[in-house]
Amino acid sequence: MQSISYERASDVNHAIELGRQPGAKFIGGGTNLLDLYKSGIEKPVRLVDVSRLPLSAIDELPGGGLRIGAMASNTAAANHPLVRQRYRLLSEALLNGASTQLRNMATVGGNLLQRTRCYYFTDPTFAHCNKRDPGSGCDAIDGHNRIHAILGASPQCIATNPSDMSVALVALDAIVHLQGPDGARQVPVADFHRLPEDQPQFDTVIQPGELIVAVELPAPKFSKHSHYLKVRDRASYAFALVSVAAAIEFDGDKVRDARIVLGGVAHKPWRAIEAENVLRGQALTDEVLAKAGEAAVAGARPYQHNAFKVELAQRAVARALQQAGGQS
Ligand code: SF4
């Protein structure tokens, strides 16, 4: 059995120093990492415990935005009064994820980094998985691919990103704050996760030794009209077959601006810019909602078992927009 060293980081600089060592993995809530470790998918040599770092505060920013520390639990973020009041979309998405027990342990930083639930990735008895073992192939492409991507996939990997929170964060134009061996940098959440292309082993643009320290939400623009809709096989504790974060800013009864982001359909939260363009300047009639749904899945390429997701996503977009538009 491979032995693992464990060290608790005393501050962010100490964490980065430890995290740059070969085989190091940061551990916060551990809800995804420990699962993957137990099944032999993740093989850390040293665990760097970042759970006690002072990164759990949720603070209002000058100008009306919000900074959520990376170690804030999913529960704390979902239930924070300012999140509930100004970023209802984020609160809804977080509360749609996992179970109460998992949300109490899981951190905001860890949620951004959770790995796909593709069965062929999480079960090492399947031999071919380019994400787990680059160059080995992809058992999902000709296998049971009901939960897999319909947009943005590659011949190397058709997995989906499992995070509800990240879908809402893209719709809210959130920014990830990173700190690493080369200093601090900021990445829009929309650019943080990546498409598989020919390197599906990389889920995000995070670099070795980099630590997520916070997520920043800009001043709220869509607090009056938003909705997170999650469609799944059972009512709780299930990943999305399709989810939609819909946010609308109205000018009278016409749409001034909108965000439509889909989850469960691609290797990253999928922003449907063409669907947003359909809405601008229009009232939310049934015809406009249907056109937005169609535009959201333009270019979709389903596989043998997931063609149902195309129509499901179309209908989910229309429904989420209708729900968002009906709020005041
Ligand atoms: Fe692996 Fe991606 Fe294929 Fe799943 S879809 S088996 S994660 S390469």
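Our subject in this report is the structure included herewith. (Residues numbered from 1 in each chain as written. Predicted model: local features only at pLDDT ≥ 70, side-chain atom pairs only at ≥ 80, totals over all residues. Heavy atoms only, no water.)

1. Regarding the packing of aromatic side chains
Here the distance between the centres and the angle between the planes together describe a pair of aromatic rings. According to the stated counting rule, one finds 2 aromatic pairs in the structure shown. Note on Tyr-119 and Tyr-120: the rings are 6.0 Å apart at their centroids and 70° apart in plane angle, and the pair reads as edge-to-face. Note on Tyr-120 and Phe-126: the rings are 4.7 Å apart at their centroids and 70° apart in plane angle, and the pair reads as edge-to-face. Pairwise contacts between aromatic rings join Tyr-119, Tyr-120 and Phe-126 into one cluster. (Phe/Tyr/Trp six-rings, centres within 6.5 Å; stacked < 30°, edge-to-face > 60°.)

2. Some details on the sheet that holds strand S4 (residues 58-60)
Strand order across the open sheet formed by 5 strands is S4-S5-S8-S6-S7, with antiparallel pairing between neighbours. At either margin of the open sheet sits one strand with a lone partner, and together these are S4 and strand S7 (183-188). Shown here is a sheet whose adjacent strand axes are inclined to one another by a mean of 20°, direction ignored. Here strand S6 (residues 175-180) runs beside S7; their pairing, made up of 6 bridges, is antiparallel. Note that in S7 the partner of Val-176 across the bridge is Val-187. Against the sheet, helix H1 (residues 12-19) contacts S6 and strand S8 (211-217), and its axis sits at roughly 70° relative to S6. (Pairing = 2+ DSSP bridges. Helix = DSSP H or I, 4+ residues; strand = E, 2+ residues; numbered from the N terminus. Axes fitted to C-alpha atoms, helices over the stretch in contact; angles between N-to-C directions. Contact = heavy atoms within 4.5 Å.)

3. Here we look at the site of the ligand
Taken together, 14 residues lie near the ligand, and Cys-118, Cys-129, Cys-138, Cys-157 and Ile-158 sit nearest. Considered class by class, the residues forming the shell around the ligand number 9 nonpolar, 4 polar and 1 charged. (Near = heavy atom within 4 Å. Nonpolar A, V, L, I, M, F, W, Y, C, P; charged D, E, K, R; others polar.)

4. Some points on the sheet that holds strand S9 (residues 226-231)
In sheet architecture, strand pairing relies on hydrogen bonds along the backbone and comes in two forms, parallel and antiparallel. An order of S9-S10-S11-S12 is seen for the 4 strands of this open sheet, with the pairing classed as antiparallel. The sheet terminates laterally at S9 and strand S12 (270-271), the two strands that pair on one side only. When strand S10 (residues 242-251) meets strand S11 (residues 254-263), the two strands line up antiparallel, connected through 9 bridges. Across the sheet, Ser-243 pairs through a bridge with Gly-263, a residue of S11. Across the face of the sheet, helix H5 (residues 88-95) comes into contact with S9 and S10 while running at roughly 20° to S9.

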